[in-house]
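Examination of the molecular architecture
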Amino acid sequence: MNAAIIFILLFGLMLTGMPISISLGLTVLTFLFTMTDVPIQSVALKLFTGIEKFEIMAIPFFILAGNFLTHGGVARRMINFATSMVGHWHGGLALAGVMACALFAAVSGSSPATVVAIGSIILPAMVKQGFPKRFGAGVITTSGALGILIPPSIVMVMYSVSTNTSVGKLFMAGVVPGLMLAFLLGLTTWHLARKNNYPRLPKASWKERMVAFRKSGWGLFLIVIVMGGIYSGVFTPTEAAAMAAVYAFIIAVFVYKDMSLKQVPKVLLDSASMSAMLLYIITNAVLFSFLVTSENIPQSMAAMITDSGLGPITFLLVVNVLLLLAGNVMEPSSIVLIMAPILFPVAMKLGIDPVHFGILIVVNMEVGMCHPPVGLNLYVASGITKMGITELTIAVMPWLLTMLAFLALVTYVPQISLWLPNLVFN
């Protein structure tokens, strides 16, 4: 009964158009003060202790690093390198877009940042070369979603905070699925380009490829710093995020010189604003998680599912449907912070690996970012392409179907996620 009241209250507030973070906070306060005897001091204490986690510090640093890279010419050099490698194939520039998104995802940790950085440069170039605008928009919108699957990933940090799962293992688990999805999106792009005979670029010589690689090397080296540093044990994921922010600042301002020192305060301010928004959502989600746990909702759900004889296969199907539906109305951070603490205990009781479950949630979030009405990537791409959401939704359909097929694969073949972390951490 209490669970029903909590969720009716939450969705009722969200339907009024209220921001999710405020809806969460108000739901908790209304329920606690009218239905329970929980003292107000414990609520205040939870607000502070909820974000007193070392891992959360990684979020502002990854946002800052992503912003420096977006403004600092790194994306353009990555596109040039990708174009020199795959530009001569069918739909070469589109394939270069997929590859550049995968490379930029490995340094930014954010999907919208990847769409903005790569899309704003490659989409005008694709239209100029004769690609239909719709095709280019479909490629970049969906490939940009790789930003949260290929590590480092802000969404993975949030899952880690919600469930106390190792960030290092999650980052390692995202590598193989991320590369697989990049390949499948590239395959879809190539197939459509070949079918419609879209333009190809002249084949680059090995000398041109080496020049492009050398120019993009400073940006690509960030992947080595972050991933190499974490897995060699030199620093934690949070320290890696801080290193990434400092390194991104140095290469944007002093190496590539695409950003002047005058522009730095604006980047810092934008990053602080985005970090504050995310941290506010996290704080309220922690409060909501506290309420849900204190009312024994996850434990009751776990008991109900195990008593009804629902096995891991059916449970994972239900989770996918639930998360895809949630993706219609909420953005990824909120979904992870609300759903993970509720679904995680049930998954553990059914013997599902916490790292595999985390990757499954992240892939669901990727799909959610590319379909309406709240698909963040759609809105970002709409801003770049000046296309309507309906037109963009039709544009992304072939790649969205590829992503759904990949989601089914990741759900029921856990080794895709677990092979690399088991190899490294065992």
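Nothing here was measured: the structure is a model prediction, and the numbers come from that model.

Reading the values: rules and limits
- Residues numbered from 1 in each chain as written.
- Predicted model: local features only at pLDDT ≥ 70, side-chain atom pairs only at ≥ 80, totals over all residues.
- Heavy atoms only, no water.
- Phe/Tyr/Trp six-rings, centres within 6.5 Å; stacked < 30°, edge-to-face > 60°.
- Helix = DSSP H or I, 4+ residues; strand = E, 2+ residues; numbered from the N terminus.
- Buried < 20%, exposed > 50% of the residue type's maximum accessible area, 1.4 Å probe, protein only.
- Axes fitted to C-alpha atoms, helices over the stretch in contact; angles between N-to-C directions.
- Parallel < 35°, antiparallel > 145°, perpendicular 65-115°, else oblique.
- Left-handed = near helix turned anticlockwise from the far one by under 90°.
- Contact = heavy atoms within 4.5 Å.
- Nonpolar A, V, L, I, M, F, W, Y, C, P; charged D, E, K, R; others polar.
- 1 Å grid on protein atoms, 1.4 Å probe; cavity = no way out; pocket = protein on both sides within 12 Å on 5 of 7 lines; lining within 4 Å.
- Points joined across faces, edges and corners; volume = space filled by probe spheres on them.
- Salt bridge = Lys/Arg side-chain N within 4 Å of Asp/Glu carboxyl O.
- Patch = residues over 30% accessible without salt bridge, like charges linked within 9 Å, V, L, I, M, F, W, Y side chains within 5 Å.
- Areas by Shrake-Rupley, 256 points an atom, 1.4 Å probe, with all protein chains shown as cover.
- pLDDT = per-residue confidence, 0-100.

Under the defined criterion, the tally for this structure stands at 13 aromatic pairs. With centroids separated by 5.4 Å and ring planes inclined at 55 degrees, the aromatic side chains of F81 and F213 adopt a geometry described as tilted. Residue F81 is located in helix α5 (residues 74–86), and its partner F213 is located in helix α11 (residues 206–231); the two are separated by 132 residues in the primary sequence. The class for F213 is partly exposed, based on a relative accessible area of 39%. Ring plane angle 55 degrees and centroid distance 4.8 Å describe the contact between F135 and Y198, whose orientation is recorded as tilted.

One can describe the packing of helix α6 (residues 92–108) onto helix α7 (residues 111–129) by two numbers: an axis separation of 9 Å at closest approach and a directional angle of 165 degrees. As judged from the angle between their axes, α6 and α7 are roughly antiparallel. Where α6 crosses over α7, the two elements pack in a sense that is right-handed. Taking contact as the criterion, the partners of L93, A94, A96, G97, A100, C101, F104, A105 and S108 in α6 are, on α7, A113, T114, A117, I118, I122, A125, M126 and Q129. Tallied by class, residues from the contact of α6 with α7 come to 13 nonpolar, 4 polar and no charged.

Let us look at unusual backbone geometry. Trans peptide bonds make up most of the peptide bonds, and negative phi angles are found at most residues other than glycine. A cis amide bond, omega 0 degrees, links P151 with the succeeding residue P152. Structurally, P152 can be placed in the loop between α8 (133–143) and α9 (154–163). Even without a glycine there, the phi angle at N164 is positive, about 60 degrees. You can see N164 is positioned in the loop between α9 and α10 (167–196). At K386, a position not held by glycine, the phi torsion is positive, near 60 degrees. Looking at where K386 falls in the secondary structure, it is placed in the loop between α18 (376–385) and α19 (389–412). Using a relative accessible area of 67% as the deciding quantity, one classes K386 as exposed.

Here the largest pocket is characterised by a volume of approximately 370 Å³. Taken together, 21 residues make up the lining of the largest pocket; nearest its centre are M277, L278, E331, S333 and L376. Within the residue set of the lining of the largest pocket, elements represented by two or more residues are α2 (20–35), α7, α9, α13 (264–294) and α16 (332–349). Here the lining of the largest pocket takes 5 residues from α13, the largest share from any one element. Here the lining of the largest pocket is composed, by residue class, of 14 nonpolar, 6 polar and 1 charged.

Running from N to C, helix α3 (residues 40–49) and α13 point in directions that differ by 130 degrees, and their axes come no closer than 9 Å. Classified by the interaxial angle, the pair formed by α3 and α13 is oblique. Both α3 and α13 take part in a crossing whose hand is right-handed. Here V43, K46 and L47 of α3 come into contact with α13, specifically with T283, V286, L287 and F290. Partitioning the contact of α3 with α13 into residue classes produces 5 nonpolar, 1 polar and 1 charged.

What follows deals with the pattern of salt bridges. Counted according to the given criterion, the structure contains 4 salt bridges. We note a salt bridge from K266 to D270, for which the minimum N-O separation is 3.0 Å. A residue pair is termed a helical-turn pair when its members lie 3 or 4 positions apart in one helix, as K266 and D270 do in helix α13 at 4 residues. Classification of D270 by relative accessible area gives partly exposed; the value is 32%. Residues participating in the shared-partner salt-bridge network are R76, R77 and D258.

Before going further, it helps to spend a moment on the environment of P332. Along the chain, P332 falls in helix α16. The exposure class assigned to P332 is buried, which follows from its relative accessible area of 7%. With 37 residues separating them in the primary sequence, P332 and M369 have C-alpha atoms 7.6 Å apart.

The grouping of I313, L317, V321, L325, L409, Y412 and V413 at the surface amounts to a nonpolar patch, some 620 Å² of accessible area in total. Mapped by element, the contributors of at least two residues to the nonpolar patch are α15 (312–326) and α19. In terms of residue count, the dominant contributor to the nonpolar patch is α15 (4 residues). Tracing the backbone shows V413 in the loop between α19 and α20 (415–425).

Let us now look at the confidence of the model for the chain. Where the model shows low pLDDT, its predicted coordinates should not be examined in detail. This prediction gives the chain a mean pLDDT of 87; 99% of its residues lie at or above 70. When mean pLDDT is compared element by element in the chain, α10 scores highest at 94, while helix α14 (residues 297–307) scores lowest at 77.

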